[in-house]
Amino acid sequence: MALVSMNQMLFKAVRGLYAVGQFNLNSFEFTQAILQAAEAEKAPVILGLNEAYLPYMGGLSTIAAIVKELIEHYGTTVPVALHLDHGSTFEVCRKAIDSGFTSVMIDGFHHSLDYNIEQTKRVVEYAHARGASVEAGLGRTVGREDDINVDEAKAMYALTEECIRMARETNIDALAPALGSVHGPYGGEPRIAFERMNEIRKITGLPLALHGGSGLPDDIIQKAIILGTAKINVSTDNQLVFTAKVREHLKANKEDYDPRRYLSPARDALQQGVQAKMRQFGSSGKAK
Ligand code: 13P
């Protein structure tokens, strides 16, 4: 099946009360494992490529070509969207779409709201004219690189009024409001601003994207889905599973040097981990 846009997937997910997983491509083996997991679970899937990973992964058109070739190679039948995660400029979003990405996130958290909205509008016009979808971020999802306390983090949560303006003025397909989830491991108990999530979803009517989906317990995942979260991003949990397996293998097999010997079990473990997430998000069996 050819790559598809993300908006149809999310529309169905909102109606069906489940979330589609965005699993980030952190290496070639991740791409293989995630595609295989989606097929095994008969689940729609979003392959996310964070802009920050471009230098490592080898450029937008390289990734798009690899993904398309692998889909062909595996005879993938489930819907797959290829999504630029945390695109920082109109230019990188434009390049992603021109390279064959079917979806982009424009993340203008470091700009003023007016600039962010203007930039998002340009991305939406460009993307929609080419059949691609757009997710916009508001507020700031903090992460392992941020040394800040809880009150400072709260000050970076998305504001309902700003979400309303973004939704009304830009025609985006999905909204990622920062509401307490974090990128990377959680330092303490995750605290999500569910009331605001509910309010934002109800007023904007948009499918919501939950960044920082790793390390969240089942009750938080299920509550977020009930409140309109149709997309959950996972990167860290997959990195942990993959790296633990590499470590375990090399500890027990100190002489091994062929990467296939330690990457194959890691890839298999990753596939199992992604399948478990798909079941948790309720997207298993939803590929139609
Ligand atoms: P995690 O670090 O929680 O996996 O979040 C990934 C993410 O939100 C990518 O945008």
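Quick caveat: nothing in here was measured; it's all calculated off a predicted structure. (Residues numbered from 1 in each chain as written. Predicted model: local features only at pLDDT ≥ 70, side-chain atom pairs only at ≥ 80, totals over all residues. Heavy atoms only, no water.)

Chemist: I keep staring at the overall build of the chain and nothing clicks. Help me out?
Modeler: Counting its secondary structure elements, the chain contains 12 helices and eight strands. The C-alpha radius of gyration computed for the chain amounts to 18 Å, which stays within 12% of the reference 19 Å derived for 288 residues, consistent with globular compactness. Seen through its C-alpha atoms, the chain measures out along the principal axes to roughly 60 × 40 × 35 Å. Excluding contacts between residues fewer than 6 apart, the proportion of contacts in the chain whose partners are at least 24 apart in sequence is 72%. For the chain, the exposed area adds up to about 13100 Å²; of that, 52% sits on carbon and sulfur atoms. (Helix = DSSP H or I, 4+ residues; strand = E, 2+ residues; numbered from the N terminus. Rg over C-alpha atoms; globule rule 2.2 N^0.38 Å. Contact = heavy atoms within 4.5 Å. Areas by Shrake-Rupley, 256 points an atom, 1.4 Å probe, with all protein chains shown as cover.)

Chemist: Hey, could you run me through the nonpolar core in this one?
Modeler: Note on soluble globular proteins: their nonpolar side chains tend to be buried together. If you look at the biggest cluster of nonpolar residues, it comprises 78 residues, and the most contacted ones within it are L25, L47, F101, L175 and M197. Sequence-distant contacts of L175, that is, excluding residues within four places in its chain, are made with A136, L138, C163, M166, I200, T204, L206, P207, L208 and A209. Of all hydrophobic cores here, the second largest spans 10 residues; its members include L10, Y18, A81 and A230. (Core = buried A, V, L, I, M, F, W, Y, C linked by side-chain atoms within 4.5 Å. Buried < 20%, exposed > 50% of the residue type's maximum accessible area, 1.4 Å probe, protein only.)

Chemist: Please clarify how the side chain of T160 should be interpreted in this entry.
Modeler: With respect to the helices, strands and loops of the structure, T160 is situated in helix α8 (residues 160-170). Residue classification places T160 among the buried residues on the basis of a relative accessible area of 7%. A distance of 2.5 Å separates a polar atom in the side chain of T160 from a polar atom in the side chain of E199. Contact partners of T160, with chain neighbours within four places excluded, come to R196, E199, I200 and I203. (Polar contact = N/O pair within 3.5 Å; in protein donor to acceptor, adjacent residues only side chain to side chain.)

Chemist: Would you explain the site of the ligand in this entry?
Modeler: Taken together, the neighbourhood of the ligand is formed by 14 residues, with D85, G212, S214, S235 and T236 sitting nearest. With respect to the ligand, the backbone of G184 contributes an N or O atom lying 2.8 Å from an oxygen atom. The protein chains hide 97% of the 310 Å² of surface that the ligand would expose on its own. Contributing elements (two or more residues each) for the shell around the ligand: β3 (80-87) and β8 (229-234). (Near = heavy atom within 4 Å.)

Chemist: Would you mind showing me how to read the packing of aromatic side chains here?
Modeler: Tallied over the entire structure, the rule returns three aromatic pairs. The interplanar angle of 50° and the centroid separation of 5.0 Å between the aromatic rings of F30 and F242 together place this pair among those described as tilted. Of this pair, F30 sits in helix α2 (residues 28-41) while F242 sits in helix α11 (residues 236-252), and the two are 212 residues apart along the sequence. Assessed through its relative accessible area of 3%, F30 is described here as buried. On the accessibility criterion, F242 (9% relative accessible area) is buried. (Phe/Tyr/Trp six-rings, centres within 6.5 Å; stacked < 30°, edge-to-face > 60°.)

Chemist: Looking at this model, I keep getting lost on unusual backbone geometry. Mind explaining?
Modeler: Keep in mind that most residues, glycine aside, have a negative phi and that most peptide bonds are trans. Positive phi values are uncommon outside glycine, yet H86 reaches one of about 55°. As for its placement among the helices and strands, H86 is situated in strand β3. Residues other than glycine seldom take positive phi values, yet N171 does so here, at roughly 65°. Note that N171 resides in the loop between α8 and β6 (174-177). By relative accessible area, which is 53% here, N171 ends up exposed.

Chemist: Help me out: how do you make sense of the pattern of salt bridges in this one?
Modeler: For side chains bearing opposite charge, pairing can occur when the charged atoms are close. Across all of its chains, the model carries 12 salt bridges by this definition. Note that K42 and E39 form a salt bridge whose closest N and O atoms lie 2.9 Å from each other. Its relative accessible area of 40% is what places K42 among the partly exposed residues. Residues joined by salt bridges that share partners form a network here, namely E91, R94 and D98. (Salt bridge = Lys/Arg side-chain N within 4 Å of Asp/Glu carboxyl O.)

Chemist: Would you mind going over the packing of α11 against helix α12 (residues 259-281) with me for this structure?
Modeler: When two helices pack together, their arrangement is given by the angle between the helix axes and by the axis-to-axis distance. For the pair α11 and α12, interaxial distance at closest approach is 8 Å and the crossing angle is 145°. The interaxial crossing formed by α11 with α12 has right-handed handedness. Contacts between α11 and α12 involve D237, N238, V241, F242, K245, V246, H249 and L250 on the former and, on the latter, R261, Y262, L263, P265, A266, R267, A269, L270, V274 and K277. Residues of the contact of α11 with α12, tallied by class, amount to 11 nonpolar, two polar and five charged. (Axes fitted to C-alpha atoms, helices over the stretch in contact; angles between N-to-C directions. Left-handed = near helix turned anticlockwise from the far one by under 90°. Nonpolar A, V, L, I, M, F, W, Y, C, P; charged D, E, K, R; others polar.)

Chemist: How should the packing of α2 against helix α4 (residues 60-74) be read in this particular structure?
Modeler: With their axes 11 Å apart at the nearest point, α2 and α4 run at an angle of 45° to one another. With respect to each other, α2 and α4 are oriented oblique. By crossing handedness, the relation of α2 to α4 is classed as right-handed. Residues F28, T31, Q32, L35 and Q36 of α2 pack against I66, V67, L70, I71 and Y74 of α4. (Parallel < 35°, antiparallel > 145°, perpendicular 65-115°, else oblique.)

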